[in-house]
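# Report on the structure
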Amino acid sequence: MRALVAALLALCLAAPACAVEPAGDTGAHDPTLLIQGDHWLVFTTGRGLQRLESTDAGKTWRRLAPAFTEIPAWWADAVPEHKGLDVWAPKLFEHRGRTWALYSISTFGKNRSAIGLASSDKPDGEWHDEGLVVQSTAADNFNAIDPDLFVDNDGKLWLSYGSFWGGIRLTELSAATLRPIGETRFIARRKGGIEAPTIARHGDWVYLFASYDPCCKGVASTYNVRVGRARSVTGPYLDRDGKDMLDAGATPLLISGARWKGPGHQDVVGDWLVHHAYDSERGGKPHLRFKRLSWTDDGWPVVAQEE
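Residues numbered from 1 in each chain as written. Predicted model: local features only at pLDDT ≥ 70, side-chain atom pairs only at ≥ 80, totals over all residues. Heavy atoms only, no water.

### As for the sheet that holds strand 6 (residues 50-54)
Taking strand neighbours across the sheet as the criterion, the five strands line up as 2-7-6-4-3 in an open arrangement whose pairing is mixed. Looking along the sheet, the strands with just one partner apiece sit at the ends: strand 2 (23-24) and strand 3 (32-36). Here two bridges tie strand 2 to strand 7 (residues 60-64), and the two strands are oriented parallel to one another. Paired with Gly 24 across the two strands is Trp 61, which belongs to strand 7. (Pairing = 2+ DSSP bridges. Helix = DSSP H or I, 4+ residues; strand = E, 2+ residues; numbered from the N terminus.)

Structural data, given as structure tokens:
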């Protein structure tokens, strides 16, 4: 895997600005990115849904107040064992003149989980909870966390989500209600661990990025990012060798370096890939990382690897 990644890296290094090295308050886990010119917003896992802001295109960051200050009433019914204002793995997007955030509530290692929705007139302003979108119970073969939102060329909205269990699921959302409509299907799975889907289009292809192997162990984390692609958002997603991601196929994209360990839980916005990684020089804590996507002649993404 390292030989393939090294070969692809040479293509990225030939292009300018392969990465941004963020400064300031960069502590983050499971980041999602919203770009509004030089004003960049990142929401991350944490108490009340953590918010970070940059006004210089991602170079310097400061922490804003959390999005939530009170616990929405429906959380206790959906996930009875959930504690406090702990919120996981958000996804930021803009729709109908508002900023929205899909987010997760759960307890570690269990699949009694739920994906909720919140909205705001502006991402650095006041946020309002919009209720439950989808949930899972112990009887289900999926885990309703790690949401992603993709808008296809025809304007249809697609929610992907999932962590371990049966894998990554996909369903269409109503543009009016932002609730599931139609069929829900699995689009990727792997027994050794797959989660945190991100779907993005480049040219005639739709790409499914996902994080593999265990996170959340500091410098012992083996998290990594892999990718497959399809002609349609519904799949099938194949890796570079033609193996279906439903059969554990996936092409390596981003792996650990000497300092930065366990890169993963990515989001893709334009030509930027944002993710967290664990810093071996700062006690193994997770921090915000950015990579600019480049593309091979045959249409596969490439990013600068971690140091």
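Next comes the rest of the write-up.
### A short note on the environment of Leu 149
Among the structural elements, Leu 149 can be located in strand 12 (residues 148-151). Along the primary structure Leu 149 and Leu 92 are separated by 57 residues, whereas in three dimensions their C-alpha atoms are 8.2 Å apart. Excluding anything up to four places from it in sequence, Leu 149 contacts Lys 91, Phe 93, Leu 102, Leu 157, Trp 158 and Leu 173. (Contact = heavy atoms within 4.5 Å.)

### Describing the nonpolar core
Judged by nonpolar contacts, the single largest core of 20 residues is most densely connected at Phe 43, Phe 68, Trp 74, Trp 75, Tyr 103, Ile 105 and Trp 127. Secondary structure elements with two or more residues in this core: strand 4 (39-44), helix 2 (74-78), strand 8 (86-95), strand 9 (98-105) and strand 10 (113-120). In contact with Trp 75, other than residues within four places in its own chain, are Phe 68, His 82, Gly 84, Leu 85, Val 87, Tyr 103 and Ile 105. Ranked by size, the runner-up nonpolar core spans 17 residues in total, among them Leu 170, Ala 188, Tyr 212 and Val 233. (Core = buried A, V, L, I, M, F, W, Y, C linked by side-chain atoms within 4.5 Å. Buried < 20%, exposed > 50% of the residue type's maximum accessible area, 1.4 Å probe, protein only.)

### What to know about the packing of aromatic side chains
Summed over the entire model, instances satisfying the criterion amount to 12 aromatic pairs. Ring centres 6.5 Å apart and planes at 85° place the aromatic pair Trp 74 and Trp 75 in the edge-to-face group. On the basis of relative accessible area, Trp 74 is assigned to the buried category, the value being 17%. Accessibility expressed as a relative area gives 1% for Trp 75, which makes it buried. An aromatic cluster of three or more residues is present, and its members are Trp 40, Trp 61, Trp 272 and Phe 290. A cation over an aromatic ring shows up here: Arg 229 above the ring of Trp 205, its NZ or CZ 3.9 Å from the ring centre. The side chain of Arg 289 reaches across the aromatic face of Trp 260, ending 3.9 Å from its centre. (Phe/Tyr/Trp six-rings, centres within 6.5 Å; stacked < 30°, edge-to-face > 60°. Lys NZ or Arg CZ within 6 Å of the ring centre and 35° of its normal.)

### Quick look at the state of the cysteines
Across all of its chains, the model carries one disulfide by this definition. What pairs with Cys 215 in a disulfide is Cys 216, and their sulfur atoms sit 2.2 Å apart. Its S-S torsion of about -50° marks the bond between Cys 215 and Cys 216 as left-handed, since a negative value means left-handed. (Disulfide = S-S within 2.5 Å.)

### Focus on the side chain of Asp 152
Counting through the fold element by element, Asp 152 comes out in the loop between strand 12 and strand 13 (157-161). Residue classification places Asp 152 among the buried positions, given a relative accessible area of 14%. The contacts of Asp 152, once residues within four sequence positions are left out, are Trp 158, Arg 201 and Val 233.

### Focus on the pattern of salt bridges
Enumeration according to the criterion identifies 18 salt bridges in this entry. Residue Asp 152 is joined to Arg 201 by a salt bridge in which the shortest nitrogen-to-oxygen separation is 3.0 Å. Residue Asp 152 is located in the loop between strand 12 and strand 13, and its partner Arg 201 is located in strand 16 (residues 194-202); the two are separated by 49 residues in the primary sequence. With a closest N to O distance of 2.8 Å, Asp 271 and Arg 292 form a salt bridge. Note that Asp 271 is positioned in the loop between strand 20 (260-269) and strand 21 (272-279) and Arg 292 in strand 22 (residues 285-292), a separation of 21 residues in sequence. Classification of Asp 271 as partly exposed rests on a relative accessible area of 32%. Connected through salt bridges with shared partners, the residues Glu 21, Arg 289, Lys 291 and Glu 306 form a single ionic network. (Salt bridge = Lys/Arg side-chain N within 4 Å of Asp/Glu carboxyl O.)

### What to know about the sheet that holds strand 11 (residues 128-136)
Strand order in the open sheet formed by five strands is 5-8-9-10-11, with antiparallel pairing between adjacent strands. The strands lining the two open edges of the sheet, one partner per strand, are strand 5 (46-47) and strand 11. Judged from the two bridges that link them, strand 5 and strand 8 form a sheet pairing that is antiparallel. By the bridge assignment for strand 8, Arg 47 is matched with Asp 86.

Taken by themselves, the reported measurements are silent on function.
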